[in-house]
Amino acid sequence: MKKISEKLDLAPDILEGSTIVSMYGNQSALVENYKSIIEYSPSLVKLQGKHVKLLIEGVDLTIDRFTQDDCKILGNIQSVQVIPI
Amino acid sequence: MKWLKGYIECQVCGGSLERFLNMCRHHGIYIWKLQRAEKIHMCMYAKDFVHLVPLCARTSVHPHLVKKKGLPFQIQKMWRNWTFYSGFLFFLTVLMVLSSYLWEITYSGQRSFSRETLSADVEGMDVYPGMKRSRLDCDAIEKRLREIHPEISWVSAEEIGSVLKISIKEGKESVEHEKTGTPCHLTAPYDGTIQDISVSRGTAKVKRGQKVKKGDILISGLIPVTDDSDQITEYMTVAAKGDISILVRQSFSEPVETHYKKKVYTGNSVIQWVFQWQDQRISLKNPFKRLDNSGEYDIITEICADRIIHPLPVSVYAEKKEYRKYKMVDAVYTADELKKEGMRKYQRRMEKLTEEGMELSSHTAVMKQQDVKTWILQGEISFLCRKMSSRAVTEDEARVNRPEPPSKTEE
């Protein structure tokens, strides 16, 4: 899939289903192409992607939106960690 | 949109909360504003709450409804208090309907016209309290009033809410002649010097700079008609019209008495209330306070209500009359008071001229002591007078004096 995607010059999220993280300063993060939520607490949000696990650490973290397409996290975000499976 | 569809705030606790959230997502239940403390606080659409039951059973979490928000819940709440809301709606409807009618007509600025005269004219235009405001045409009212009364120089009809406010300014006296078409001369109201003259109709009798006396004809209402030999065959009579300004210098001398009678209130007063409903009138007064026939009283009347309740033919009137007893005592002006009294008389004189439409150009005044009891206020006022008097043309004036043909003597 990765090779086809590269050959066709497509964005990796279309065929591979890569997780997309968009940060707006340190106050907001929008995660797309994720599979499920693994853990949620005011200091940590752990999300499961297709190929990676995503760890978002911070203070007073809230989930502003939780839909099938995306998940918007608000709060004072201190770090975003990507752990390959 | 969320508010329109109706949503709830709820809390879930116990069991596997993350699994519960994933299952919500999997079943298409839209959740937002998640906050984690001991419990998870979140929002969701009201219709989705019932779908939580199997999910809660599978994940062993306990949902707890905190608050209902949105239009469907507001309607439910309003439905419970339907009497209040329907009353409020009824009030708004009545207010809207009633405010679409004209309820009062007020008049201001008239001097020679009575309120009744203007009211009759306006009613003659089919404008009356209780009519629909949509039928009201203020421009037409202004135009018609000017047509009926040409002596009104300015008229304004203004619609303020449900009130029609008619303001007028009355013009010159000479307009009466213009209106009736009576031939007239324009005459000088004061002694003075002509500053400016322009004739619209008639014959000018004076020039700029000429001195005139009160009553002199300035513009004549007689226009001579001549024959080929420049002999006046007849006079054409017109209502003279033109713009004239006369510079008037007036000297005045007015005594100001130092001794005067001063009104002192004794403190005794009697209050009387008068109420009137249609033609029935009732007066209320404290029976223990009687008016002294030998005493002098100031009567201060305060009209509290004077209204006609439209559309009913009912009039209500209420007034408060206060009888204040006073006595006159001899008093003497102090120097300051004397100066103020002199100034007051001087101001009154100037205000009177201004009210008559004169333009003040210069004025001086001094106070001189004549004797112990009397002071004299002396001065001179110069003003421009643009308001002329008018005098009707007499038959004698309009007659042409022709030389009588020589009578034949019988031989």
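Residue numbers run consecutively from 1 along every chain, following the written order of its sequence. Going through the entries in the order they are written, you letter the chains from A and number the ligands from 1. Given that this is a predicted model, residues contribute local features only at a pLDDT of at least 70 and side-chain atom pairs are listed and counted only at 80 or more, while totals for whole chains, interfaces and linings are drawn from all residues.

(A) Up close: the overall build of chain A. Secondary structure assignment for chain A yields two helices and six strands. Working definition: helices are DSSP H or I runs of at least four residues, strands are E runs of at least two. Numbering for both runs from the N terminus. Overall, chain A shows an N-to-C arrangement of helices and strands of α-α-β-β-β-β-β-β. Residue pairs are scored as contacts if the distance between their C-beta atoms, which are placed from the backbone, is within 7 Å. In chain A, the share of contacts with a sequence separation of at least 24, taken over all contacts with a separation of at least 6, comes to 34%.

(B) Local environment of the interface of chain B and chain A. Between chain B and chain A, the contact holds twelve residues from the first and 14 residues from the second. If you list the elements that add at least two residues to the side of chain B that touches chain A, you get helix H2 (17–26) and strand E2 (31–36) of chain B. Among the elements that line the side of chain B that touches chain A, the one with the most residues is E2 of chain B, at six residues. When DSSP finds two or more bridges between a pair of strands, those strands are recorded as paired. Here strand E5 (residues 52–66) of chain A runs beside E2 of chain B; their pairing, made up of four bridges, is antiparallel. Across the sheet, Thr 62 of chain A pairs through a bridge with Gln 35 of chain B, a residue of E2 of chain B.

(C) Structural detail: the confidence of the model for chain B. All names here are of chain B. Residue-level confidence of the predictor, termed pLDDT, takes values from 0 up to 100. On average, chain B scores 86 in pLDDT, and the residues at 70 or more come to 94%. When pLDDT is averaged over each element of chain B, helix H6 (residues 82–98) comes out on top at 93 and helix H9 (residues 175–180) at the bottom at 54. With a pTM of 0.42, the predicted complex shows an ipTM of 0.84.

(D) Structural detail: the pairing of strand E19 (residues 314–332) of chain B. All names here are of chain B. Note: strand E16 (residues 259–277) against E19, 16 bridges, orientation antiparallel. Across the sheet, the residue bridging to Lys 262 is Val 329, located in E19. Note that strand E18 (residues 296–309) and E19 share 13 bridges and pair antiparallel. If you follow Ile 309 over to E19, its bridge partner there is Val 314.

(E) Region of the structure containing the pairing of E16 of chain B. Note that E16 of chain B and strand E17 (residues 280–285) of chain B share six bridges and pair antiparallel. Bridge pairing links Phe 275 of chain B to Ile 282 of chain B in E17 of chain B.

(F) Focus on the environment of Ile 105 of chain B. All names here are of chain B. Tracing the sequence through the fold places Ile 105 in strand E5 (residues 104–108). In this structure, the C-alpha to C-alpha distance between Ile 105 and Ser 162, residues 57 residues apart in sequence, is 8.9 Å. Contacts of Ile 105, omitting those with residues within four sequence positions, involve Ser 119, Val 122, Pro 129, Leu 164 and Ile 166.

(G) Looking closely at the nonpolar core. One nonpolar core equals one set of buried Ala, Val, Leu, Ile, Met, Phe, Trp, Tyr and Cys residues connected by C-beta atoms within 7 Å. Whether a residue is buried, exposed or partly exposed follows from its count of other C-beta atoms within 10 Å of its own C-beta, namely 20 or more, 12 or fewer, or something in between, respectively; the C-beta atoms are built from the backbone. By size, the foremost hydrophobic cluster in this structure holds 32 residues, and its most contacted members are Leu 47, Ile 56, Cys 71 and Ile 73 of chain A together with Phe 20, Ile 31 and Met 44 of chain B. When residues of this core are assigned to their parent elements, the largest contribution, five residues, is made by E5 of chain A. Excluding residues within four positions of it along the chain, Leu 47 of chain A makes contact with Val 31, Tyr 34, Ile 37, Ile 38, Leu 54 and Cys 71 of chain A. Formed by 21 residues, the second largest nonpolar core is a distinct cluster that contains Cys 184, Leu 222, Ala 240 and Phe 383 of chain B.

(H) The sheet that holds E5 of chain B, seen in detail. Residue and element names in this part refer to chain B. Spatial ordering of the open sheet is given by E5-E7-E6, a layout of three strands whose pairing is mixed. Strand pairing shows two members of the sheet lacking a second neighbour, E5 and strand E6 (152–160), which therefore form its edges. Between one strand and the next, the sheet's axes are offset by a mean angle of 15 degrees, whatever the strand orientation. By the bridge criterion, five bridges tie E5 to strand E7 (residues 163–170) in an arrangement that is parallel. The residue bridging Glu 104 from the neighbouring strand is Val 163, located in E7. All axes are obtained by fitting lines to C-alpha atoms, using only the stretch in contact for helices, and the reported angles, taken between N-to-C directions, cover 0 to 180 degrees. Lying over the sheet, helix H7 (residues 115–124) contacts E5 and E7, oriented at roughly 130 degrees with respect to E5.

(I) Up close: the sheet that holds strand E20 (residues 359–369) of chain B. Residue and element names in this part refer to chain B. With antiparallel pairing, five strands are arranged side by side in an open sheet as E11-E9-E15-E21-E20. In the strand order of this sheet, the two ends are held by strand E11 (211–212) and E20, each with one partner. Summarising the sheet, strand E15 (residues 241–257) and strand E21 (residues 374–385) pair through twelve bridges and their orientation is antiparallel. Following the sheet pairing, Leu 247 is matched in E21 by Leu 384. Relative to the sheet, helix H10 (residues 335–355) contacts E15, E20 and E21, its axis offset from that of E21 by approximately 25 degrees.

(J) Focus on the environment of Thr 354 of chain B. As for its position among the elements, Thr 354 of chain B is in helix H10. When the C-alpha atoms of Thr 354 of chain B and Phe 383 of chain B are compared, they prove to be 9.3 Å apart, with 29 residues separating the residues in sequence.

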